[in-house]
Amino acid sequence: QVQLVESGGGLVQPGGSLRLSCAASVSTFSRYTIGWFRQTPGKEREFVAAIRYSRTTHYADSVKGRFTISRDNAKNTAYLQMDSLKPDDTAVYLCAADARIILSSIPYYANYDHWGQGTQVTVSS
């Protein structure tokens, strides 16, 4: 069973930055695609970014140029660097992992087997 733990959320002013971490308890971490999603009350879980085992990255149009996903396989950890934050970025951010997800399925949350509990990000002045 893969356990994922997110950290790094908090309150930040518009235009500010945060770095989220997703720590995984699996020895084969390097084989997993890691995705970041976000969710606000009453809305469907939204794809933010993903990084494959090959380190290929994918981003939602709403965060391109502002967010950067990366991974450190030696630490079993993935990161989401968030810059130029906007109030619309306010959400619970969740990381997800899957070892067999195909390219076309990456943006769809239902295709990920493992999830963390999430970390709250609030962008407000």
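Residues numbered from 1 in each chain as written. Predicted model: local features only at pLDDT ≥ 70, side-chain atom pairs only at ≥ 80, totals over all residues. Heavy atoms only, no water.

> How would you sum up the packing of aromatic side chains? Please name residues and give values.
As enumerated under the stated definition, the model contains 4 aromatic pairs in all. The interplanar angle of 70° and the centroid separation of 5.6 Å between the aromatic rings of Phe 37 and Phe 47 together place this pair among those described as edge-to-face. Placement of Phe 37 in strand S4 (residues 33-39) and of Phe 47 in strand S5 (residues 46-51) is noted, with a sequence separation of 10 residues between them. A residue is classified by how much of its surface remains accessible, and Phe 47, at 12% relative accessible area, is buried. (Phe/Tyr/Trp six-rings, centres within 6.5 Å; stacked < 30°, edge-to-face > 60°. Helix = DSSP H or I, 4+ residues; strand = E, 2+ residues; numbered from the N terminus. Buried < 20%, exposed > 50% of the residue type's maximum accessible area, 1.4 Å probe, protein only.)

> Can you explain unusual backbone geometry? Please cite residues and give values.
Here Arg 55, not a glycine, exhibits a phi torsion of approximately 75°, which is positive. Topologically, Arg 55 is positioned in the loop between S5 and strand S6 (57-59).

> So, the sheet that holds strand S3 (residues 18-24): which residues are in play, and what are the values?
Reading across from one edge, S1-S3-S8-S7 is the order of the 4 strands in this open sheet, with antiparallel pairing throughout. With one partner strand each, in any of the chains shown, strand S1 (4-7) and strand S7 (67-72) form the two edges of the open sheet. Here the average twist between neighbouring strands, direction ignored, is 15°. Of the strand pairs in this sheet, S3 and strand S8 (residues 77-82) are connected by 6 bridges, and their pairing is antiparallel. Each bridged residue has a counterpart across the sheet, and for Arg 19 the counterpart in S8 is Gln 81. (Pairing = 2+ DSSP bridges. Axes fitted to C-alpha atoms, helices over the stretch in contact; angles between N-to-C directions.)

> For the pattern of salt bridges, give the residues involved together with the corresponding values.
Oppositely charged side chains are able to pair whenever their charged atoms sit close together. Considering all chains together, one arrives at 5 salt bridges under this definition. The salt bridge involving Asp 89 is made with Arg 38; its shortest N-O contact spans 2.9 Å. Placement of Asp 89 in the loop between S8 and strand S9 (91-98) and of Arg 38 in strand S4 is noted, with a sequence separation of 51 residues between them. The exposure class assigned to Asp 89 is buried, which follows from its relative accessible area of 2%. For Arg 100, the salt bridge goes to Asp 113, with nearest N and O atoms at 3.8 Å. Taken together, the residues span a long stretch of sequence, with Arg 100 in the loop between S9 and strand S10 (114-115) and Asp 113 in the loop between S9 and S10 at a distance of 13 residues. Under the relative-accessibility criterion, Asp 113 is labelled partly exposed at 49%. A single salt-bridge network, built from bridges that share partners, covers Arg 38, Glu 46, Arg 66 and Asp 89. (Salt bridge = Lys/Arg side-chain N within 4 Å of Asp/Glu carboxyl O.)

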